[in-house]
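# Observations on chain architecture
Listed here are the chains, written in short residue letters.
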Amino acid sequence: ETLPGLSHASAVHALITPLLERLRDPEVSPSTIRKVKECLQRITVGLSNNSTANYDELLPFVYATVSPFVYGRMNPNTDEDNLDDSDGEEDAPIQVSKSGAREAFKSQPEGSTTATSSVAVATWNPSSLGAAESKRAALIAKKKAKHDLHKVIDGVSAPKFTGSSRNSSLQSSSSKTLNMPANACAVNFGLALLNSCLKRSKIDVTNELHCSMADPFLPLLAHCMRYSSDNQAVVLSFKSLGFLLRMDLPSVPQTAKELGPGILDHLSSSGAASNAQNEIVQGCFKSLTLLISHPKFASVMEQDDATYSIGDNTEQFVHNETLPLTADQMQGLLSLLHGAVRESEQHNATFGLVKAIAAKRYMSPEFFDLMDIVLKLSVQSQKQAVRLQCSQIFLNYLVDYPMGSKRLDNHLQQIVLNMKYEYEEGRLSAIELLSSLIQKFPLLVLEEHAQLFFLPLVLSLVNDESKICKEAVADCISLILKRLSTDTVQSLYGYVKRWSEPSGTESIPMQLASAQLFGIFVEARPDYVKRGRNSTDLADLIMEVISQHSSSTDDNGWELVYHYLVCMEKLNKYVPGAFGSNLDVWSSLVSLMAYPHPWIMQVSSRIVSGHLSAIDYKELARNGSDSLLAKVPGSLYDIARNSCRQLDVEDRLHVDATCTIAIKNITTAFKIMKLRPDLCYEPEATNEDENEELNPKGKSKDPCLWLMARLSNIAKPRGKLRRESVFKCFAALCTSCSPADLVRYLQLMIDPIDRDVRDKAGKARRGEFEDNDPRDALPKEVLQILEDTCGTDNYVKAYAKVSKNARQKKEKRKQDIASEAIHDPVAAAQRKVSRGKHEQERKKRRMDENRSSRG
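Residues numbered from 1 in each chain as written. Predicted model: local features only at pLDDT ≥ 70, side-chain atom pairs only at ≥ 80, totals over all residues. Heavy atoms only, no water.

### Looking at the overall build of the protein
Within the protein one finds 41 helices and two strands. In the protein, which comprises 855 residues, the share counted as buried stands at 45%. If you take every contact in the protein between residues at least 6 apart in sequence, the share linking residues at least 24 apart comes to 74%. (Helix = DSSP H or I, 4+ residues; strand = E, 2+ residues; numbered from the N terminus. Buried < 20%, exposed > 50% of the residue type's maximum accessible area, 1.4 Å probe, protein only. Contact = heavy atoms within 4.5 Å.)

This is the structure:
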């Protein structure tokens, strides 16, 4: 292993020649073969790591070394009908004609000393080997054969026909020399060295010299693959064929006559239908894939780039003459593939062969049955990679293959039915396949089958319980609407309008479907929605539904409101001005910000946030804005109040997206309050009957003070997520507002943050606090932001006041507890009992947490 890796490649024959001569010895023992085999394996490893060994030197060396052991006394160019059955007393192979000898000589590399010379003969004489010496001997042999024929042999002693040569006597005679132990050892060495050379070297497939050197290996590897009974030799042959079949070699068409039947024999003997993960079976599939897709077998359709029309009612089962396999062989191969494609393990080679056959547009009943199996696997397979490959194969089959309209309709109906599959992964695969079909189908074919696709998709949009599948169905409907013509879209839009008309409780599912479809139409075809009164009618319908549910205190019928709100959001985006200056719909949206259901709360807040972000502050300051805030006094207060309500929820009802939108709305409302505080008051409430929640003491007209006090009170009760939301709101105000606007409210912001810091410090002292959560550092980070924004002096003064107030409250609470023990001992005793129970529960909870953490 060391010498071949260090010495020059041209000197390696000095190491290999004695070993090969030892294998040529007729009396070589099995133990010697094993030792020689181990030496050759080490030489192969050393040569593979040798940097001086190149492609030009190794290929002639490997061929000269292996070919005598592969062919033996059989000429590779001789017809199989002229095989010799003799035991081979002579050393040279017998050939029928001299021309064959010349061809064999030409196939040998120049300068090869290991290739055997051939002897040409003009006549063929039968051999006398095995003939009886006398009549008596012949009679004895006949009786013995008859006796052996009637002799009962047990199962152990009975001859067993196994291996790749059990099906053909011709094959057994052809592999007689190849499968001798000594020859098999040398052949394995040569094939391993060839495979290592092909893997390591970067072969230029356009180099004529490389192709001419690699061309003689094709018949050699085909012979090894077909007649060798050694699995390792067969596997190495397939691996080397995988490299050589990628090259445009001139001997590929001739070698294919031997490769095709040999590969099919291996597939039949290896049980390809039930043993697809076998290495030999995988090699068979890969070699067949390369052979079928080889440029030498380019089909007439590929050469002429023929085109056709989908659904042209022409199906002709004509065998493609450019395929390397005959019609019977293709039929047998497809029968094997029917079972092999169902194997979920090692599926790449199997589906690669199916793709290669489909690329030839091969047509037969067996192939159409195979495509039906592929369509089933695209839904029923448990592996995502298998479902994806099956979908791609079937998609190319539908788009590229000529087929009648009846067969096409059957396939499309089956795809539509697959959307009702039991499991989510299968339904999603069917929807994705349909989406790909919609993108690739010609427009005329898509227009013809538009209703076949649209109606089942609508049913899946309403009835499917999976959120992922619903989103995929919506995307699929959007794709089909984008491709269809305006007339077809108008007919489908008419269906949706009829479904939106209320006609009792039974029409609610159709109303839900129409509400979702309206949003898809707006997003996919805004050009059609803008035509005529489509956008106006849709806006009127949305306003009618929203106004009916804006004052509702329960979440009954929330789905219809939610889908129409989503449609309104899309309509406001793609068709600006659809709602115009309709103040009623915007007032209803502000009311829906406090709707019980969180989805409606979120989408209504999102629409209001988009409206606030579009306000021009300069026009608003001049009182020239046409926004909701200027036209409806008090609406700014309602927006701020409802946004605070969205933050003031329990942790189990907390939604990050809703809280983020609420923080954005509060930040915008704070800036507008500073600019126009009068927008927070209704005209009749500004003089006499002031809102108690807005101005509880009737001394201040600053709405920002009320807002900051409201946020501070929300963060005081315990609630981790609620406090985090308020702290993020304080940080957002610091980054978007000027320091002068925040100094007045600095104490209100520090108070809840300081309370949270003190609570965590108390838990840490009791051993209840774990400082491994990065979100626990948020309060200190917000305090640092407040200090950087408002200045250190203002921050220190405000923090000192907060600390002083906290100490005073704590001392007052202690005095109240001591006074209670004197004036009301019963209440004091109950307080102690409840405190003891709380302490016991805390210890028990702590022990359970420690026990669970230890496992």
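Next comes the rest of the description.
### Concerning helix 23 (residues 467-483)
In this model helix 23 runs 25 Å from its N-terminal to its C-terminal C-alpha over 17 residues, within 8% of the 24 Å that 1.5 Å per residue would give. Among the residues of helix 23, those classed as buried are Cys-469, Ala-472, Val-473, Cys-476, Ile-477, Ser-478, Ile-480 and Leu-481. Packed against the buried residues of helix 23 are helix 20 (424-440), helix 21 (443-448), helix 22 (450-463), helix 24 (486-499) and helix 25 (508-524). Its side-chain oxygen 3.4 Å from the backbone nitrogen of Ile-468, Ser-466 forms the N-cap of helix 23. (Expected span 1.5 Å × (residues − 1). Polar contact = N/O pair within 3.5 Å; in protein donor to acceptor, adjacent residues only side chain to side chain.)

### Topic: the nonpolar core
Nonpolar side chains tend to gather and get buried jointly when the protein is soluble and globular. Ranked by internal contacts, the top residues of the largest apolar core, which has 222 residues, are Leu-267, Leu-333, Ile-357, Phe-367, Leu-517, Phe-730 and Leu-786. With sequence-adjacent residues up to four places away left out, Phe-367 is seen in contact with Leu-334, Ile-357, Ala-358, Tyr-362, Tyr-397 and Tyr-401. (Core = buried A, V, L, I, M, F, W, Y, C linked by side-chain atoms within 4.5 Å.)

### Comments concerning a positive patch on the surface
Residues Arg-755, Arg-765, Lys-809, Lys-810, Arg-813 and Lys-814 make up a contiguous surface patch of positive charge. Counting through the fold element by element, Lys-810 comes out in helix 40 (residues 792-823). (Patch = residues over 30% accessible without salt bridge, like charges linked within 9 Å, V, L, I, M, F, W, Y side chains within 5 Å. Areas by Shrake-Rupley, 256 points an atom, 1.4 Å probe, with all protein chains shown as cover. Salt bridge = Lys/Arg side-chain N within 4 Å of Asp/Glu carboxyl O. Lys, Arg positive; Asp, Glu negative; His and termini not counted. Charge placed at Lys NZ, Arg CZ, Asp CG, Glu CD.)

### A word on the side chain of Thr-350
When you line up the elements, Thr-350 lands in helix 16 (residues 348-359). On the basis of relative accessible area, Thr-350 is assigned to the buried category, the value being 1%. Not counting residues within four places of it along the chain, the set of residues in contact with Thr-350 comprises Gln-282, Phe-285, Leu-337, Ala-340 and Val-341.

### What about the pattern of salt bridges?
Evaluated as defined, the whole model comprises 18 salt bridges. Measuring nitrogen to oxygen at the nearest pair gives 2.8 Å for the salt bridge that ties Arg-744 to Asp-702. Taken together, the positions of Arg-744 in the loop between helix 37 (739-742) and helix 38 (746-766) and Asp-702 in the loop between helix 34 (656-675) and helix 35 (703-715) put the pair 42 residues apart, joining distant regions of the chain. Exposure remark for Arg-744: the relative accessible area of 53% places this residue in the exposed category.

### Regarding the state of the cysteines
For the coordinates displayed, the defined rule picks out zero disulfides. Here Cys-185 is not cross-linked by a disulfide; its sulfur's nearest cysteine counterpart is in Cys-39, at 9.4 Å. Relative accessible area serves as the criterion here: at 5%, Cys-185 is assigned to the buried category. Between Cys-729, a free cysteine, and Cys-644, which holds the nearest cysteine sulfur, the sulfur-to-sulfur gap is 7.4 Å. In this structure Cys-729 comes out as buried when scored by relative accessible area, which is 0%. (Disulfide = S-S within 2.5 Å.)

### Comments concerning helix 35
Counted at 1.5 Å a residue, the expected span for helix 35 with its 13 residues is 18 Å, and the 19 Å between its end C-alpha atoms agrees. Three or more residues of helix 35 are buried, namely Pro-703, Cys-704, Trp-706, Leu-707, Met-708, Leu-711, Ser-712, Ile-714 and Ala-715. Its side-chain oxygen placed 3.1 Å from the backbone nitrogen of Cys-704, Asp-702 serves as the N-cap of helix 35.

### Observations concerning the packing of helix 18 (residues 384-400) against helix 19 (residues 405-418)
It is the contact of helix 18 with helix 19, at a shortest axis distance of 11 Å, that shows an interaxial angle of 150°. Here helix 18 lies roughly antiparallel to helix 19, going by the angle between them. Handedness of the crossing formed by helix 18 with helix 19: left-handed. For the pair helix 18 and helix 19, contact is made by Phe-394, Tyr-397 and Leu-398 and by Arg-407, Leu-408, His-411, Leu-412 and Ile-415, respectively. Residues belonging to the contact of helix 18 with helix 19 are distributed by class as follows: six nonpolar, one polar and one charged. (Axes fitted to C-alpha atoms, helices over the stretch in contact; angles between N-to-C directions. Parallel < 35°, antiparallel > 145°, perpendicular 65-115°, else oblique. Left-handed = near helix turned anticlockwise from the far one by under 90°. Nonpolar A, V, L, I, M, F, W, Y, C, P; charged D, E, K, R; others polar.)

### A few points about the packing of aromatic side chains
Going through the model one piece at a time under the given rule, you end up with 18 aromatic pairs. Ring centres of Tyr-63 and Phe-217 lie 5.5 Å apart, and the angle between their planes is 80°; on these two criteria the pair is classed as edge-to-face. Here the residue Tyr-63 occupies a position in helix 4 (residues 55-71), and Phe-217 occupies one in helix 10 (residues 217-227), the gap between them amounting to 154 residues. For the pair shown, Tyr-63 and Phe-217 are each scored as buried. The positively charged end of Arg-407 is found above the aromatic ring belonging to Phe-368, 4.0 Å away from the centroid. (Phe/Tyr/Trp six-rings, centres within 6.5 Å; stacked < 30°, edge-to-face > 60°. Lys NZ or Arg CZ within 6 Å of the ring centre and 35° of its normal.)

### Looking at unusual backbone geometry
Backbone geometry at Arg-361 places phi at a positive 55°, although glycine is not the residue there. Here Arg-361 is to be found in the loop between helix 16 and helix 17 (365-380). What makes Arg-361 partly exposed here is its relative accessible area of 22%.

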